[in-house]
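Structure assessment
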Amino acid sequence: MLFSEVIGQESIKQKLRLTIAEKRISHAQLFYGTEGVGCLPLALAYAQYINCLNRTETDSCGKCSSCKKYNKLIHPDLHFVFPVVKTDTEKKPVSDKFISKWRELVLENPYFTLHDWYSKIQVEKKQGGIFEAESEKIIKKLSLKPFESEYKTMIIWRPEKMNRFTANKLLKLIEEPPPKTLIFLVANQLENILPTILSRTFQIKVPPVNDTYLIEALTKRGNSNINEVKDIVRISEGSITQAIQNIDKSEEDSFNFNNLQTLMRLAFKLKVEAALKWVEEMSFLPREKQKSFLLNGLRILRENFAFKYNLPEIQYMSKTEKDWAAKFSIFINEKNIEQFNKEFNLAHYHIERNANSKIVFFDLVLKVSILLKK
């Protein structure tokens with residue numbers, strides 16, 4: 001991937017280029033930021049630039065033998081680790097088992113989410129992870145000398161999905177890797193990574209994409225209505241992933257919004273039979289979709305609070321959401337917004353950790369019922 005293909009992030013690109021010009025490439029680097037800001041694309045472009053045979057001052061050539069292999073993600077010195085799932089037939093899964101699907105998804109769109117990845121390998125109903133068997137593979141691969149390039153590079157996507165055993169086993173490798181070895185970690189949630197891992201990496205915080213670059217990217221996709229594009233960019237919070245989902249009016253966003261409306265209606269009237277039916281339906285969803293619903297609900301409740309108190313500078317709602325807020329925001333106030341935030345985050349935490357989803361969502365209905373009357 002070329003730096004020119006990474007949307008925005010010009011300041012980060014320049015800093016990465018300087019590390020090569022000044023010969024101070026850190027052996028273990030952590031790219032982190034919210035989904036859709038470009039952490040993985042930056043790591044890919046950086047790795048390709050480091051190993052390009054004819055790089056310019058600003059980018060890889062894209063034409064040398066190294067770049068051609070990087071462009072297809074098949075360079076022998078480029079390795080990937082990412083969350084996988086255990087199945088009845090595969091008790092010790094490793095990334096290599098899924099590498100073909102991984103390459104397909106990255107080449108289709110490097111700004112994908114964890115849910116996109118699980119959908120690609122058709123395991124939406126299971127929780128992925130980076131398991132013990134993976135650590136042995138990583139150590140073995142990185143113990144070898146580079147095959148073609150000056151450096152061998154391993155990109156670990158979503159290291160927060162490592163179990164504790166795997167993370168601890170890789171500590172020494174991350175601190176003191178073999179010569180000419182680079183380890184790039186790409187993360188969204190630092191709080192879920194062991195502090196001992198964080199302390200051994202050079203951290204690069206990737207900020208939200210500047211609105212100007214988002215507008216340009218969406219326009220290039222064929223979205224010619226500039227006013228519509230600007231509205232979409234406004235509610236996307238600097239995430240190209242979120243912007244694309246919004247511009248495509250994804251079914252998932254509509255589904256989440258409709259279910260939030262249903263939850264609020266059922267909780268307000270507290271019709272137990274109808275609430276139980278809704279809980280049953282939600283419990284059958286894949287866990288990633290359940291978590292998506294909770295996070296989206298949390299965002300909309302926050303927006304309703306800003307709407308009620310006339311704070312347009314921090315509102316990021318679509319027209320449909322804003323129309324609903326005009327009626328619903330009267331139920332959101334300074335007495336309950338913090339508690340709403342706590343309950344939705346707690347439900348998300350429990351779903352993340354494989355709690356019984358029926359209990360989680362029924363409990364949420366009851367808590368919301370109480371909060372709406374505060």
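Structural data are supplied above this passage.
Here's a quick rundown of the structure.

The rules behind these values
- Residues numbered from 1 in each chain as written.
- Predicted model: local features only at pLDDT ≥ 70, side-chain atom pairs only at ≥ 80, totals over all residues.
- Heavy atoms only, no water.
- Buried < 20%, exposed > 50% of the residue type's maximum accessible area, 1.4 Å probe, protein only.
- Helix = DSSP H or I, 4+ residues; strand = E, 2+ residues; numbered from the N terminus.
- Arc of directions from axis to C-beta.
- Contact = heavy atoms within 4.5 Å.
- Expected span 1.5 Å × (residues − 1).
- Salt bridge = Lys/Arg side-chain N within 4 Å of Asp/Glu carboxyl O.
- Disulfide = S-S within 2.5 Å.
- Core = buried A, V, L, I, M, F, W, Y, C linked by side-chain atoms within 4.5 Å.
- Axes fitted to C-alpha atoms, helices over the stretch in contact; angles between N-to-C directions.
- Parallel < 35°, antiparallel > 145°, perpendicular 65-115°, else oblique.
- Left-handed = near helix turned anticlockwise from the far one by under 90°.
- Phe/Tyr/Trp six-rings, centres within 6.5 Å; stacked < 30°, edge-to-face > 60°.
- Lys NZ or Arg CZ within 6 Å of the ring centre and 35° of its normal.
- Patch = residues over 30% accessible without salt bridge, like charges linked within 9 Å, V, L, I, M, F, W, Y side chains within 5 Å.
- Areas by Shrake-Rupley, 256 points an atom, 1.4 Å probe, with all protein chains shown as cover.

An α-helix turns once per 3.6 residues; consequently, residues spaced three or four apart project the same way. Looking at helix α4 (residues 99-108), one finds that the buried residues are I99, W102, L105 and V106. Mapping the buried residues of α4 onto a view down its axis gives an arc of 125°, with all of them on the same face. Looking at the buried positions of α4, the neighbouring elements they touch are α2 (39-51), β2 (78-81), α5 (114-120) and β3 (152-157).

Attention now moves to helix α16 (residues 337-352). With 16 residues, α16 ought to run about 22 Å at 1.5 Å a step, and its terminal C-alpha atoms sit 23 Å apart, in line with that. Considered for burial, the residues of α16 that qualify are I337, F340, E343, F344, A347, H348, I351 and E352. Directly after α16, the chain includes N354, whose backbone phi takes a positive value near 65°.

What follows concerns the pattern of salt bridges. Enumeration according to the criterion identifies 22 salt bridges in this entry. Here K169 makes a salt bridge to E136, at a shortest N to O gap of 1.9 Å. Here E136 lies in helix α6 (residues 132-143) and K169 lies in helix α7 (residues 164-175), a separation of 33 residues in the sequence. Judged by relative accessible area, which is 31%, K169 ranks as partly exposed. Between R299 and E321 there is a salt bridge; the shortest N-O distance is 2.7 Å. With R299 in helix α14 (residues 287-308) and E321 in helix α15 (residues 319-328), this residue pair connects regions lying 22 residues apart in the sequence. Among the charged side chains, a network of salt bridges with common partners joins K161, E288, K291 and E352.

The subject of this paragraph is the state of the cysteines. Counted by the stated rule, this structure contains zero disulfides. With no disulfide of its own, C52 lies closest to C61 among cysteine sulfurs, the gap being 3.6 Å.

Grouped together as the largest cluster of nonpolar side chains are 58 residues, with contacts concentrated most on W102 and W117. Aside from chain neighbours lying at most four places away, what touches W102 is L40, F80, F82, F112, W117 and W157. Core analysis: the next-biggest nonpolar cluster, separate from the first, contains 31 residues, F257, W324, F328 and I351 among them.

Attention now moves to the packing of helix α13 (residues 272-283) against helix α17 (residues 357-371). Packing of α13 against α17 leaves a shortest axis separation of 9 Å and a crossing angle of 140°. On the basis of the axis angle, α13 is oblique to α17. Considering how the two elements wind past one another, α13 and α17 form a crossing that is right-handed. Residues A275, L276, W278, V279, E280, M282 and S283 of α13 touch α17, and the partners they reach there are S357, K358, F361, F362 and V365.

Before going further, it helps to examine the packing of aromatic side chains. Counted by the stated rule, this structure contains 19 aromatic pairs. For the pair W102 and W117, a centre-to-centre distance of 5.5 Å together with 85° between the ring planes defines the contact as edge-to-face. Of the two residues, W102 sits in helix α4 while W117 sits in helix α5, which places them 15 residues apart along the sequence. Residues W102 and W157 carry aromatic rings whose centres are separated by 5.4 Å and whose planes lie at 55° to one another, so their mutual orientation is tilted. Taken together, the positions of W102 in helix α4 and W157 in strand β3 put the pair 55 residues apart, joining distant regions of the chain. The buried category is assigned to W157, whose relative accessible area is 5%. An aromatic cluster is built from F80, F82, W102, F112, W117 and W157, whose rings are joined through pairwise contacts. The ring of F131 carries K86 above its face, with NZ or CZ at 4.7 Å from the centroid. It is R158 that lies over the ring of W157; its NZ or CZ is 5.9 Å from the centre.

With a phi angle near 60°, K180 is a residue other than glycine that sits in the positive phi range. Checked against the element boundaries, K180 lands in the loop between α7 and β4 (181-187). For K180, a relative accessible area of 38% puts it in the partly exposed group. Positive phi values are uncommon outside glycine, yet N354 reaches one of about 65°.

To continue, consider a nonpolar patch on the surface. Together, L270, V272, L276 and L366 give the surface a local cluster of nonpolar side chains, amounting to about 300 Å² of exposed area. In this structure, V272 sits in helix α13. Owing to a relative accessible area of 42%, V272 belongs among the partly exposed residues under this scheme.

As a further point, take the environment of S26. As for its position among the elements, S26 is in the loop between α1 (10-21) and β1 (28-32). With 176 residues separating them in the primary sequence, S26 and F202 have C-alpha atoms 6.8 Å apart. The contacts of S26, once residues within four sequence positions are left out, are L182 and F202.

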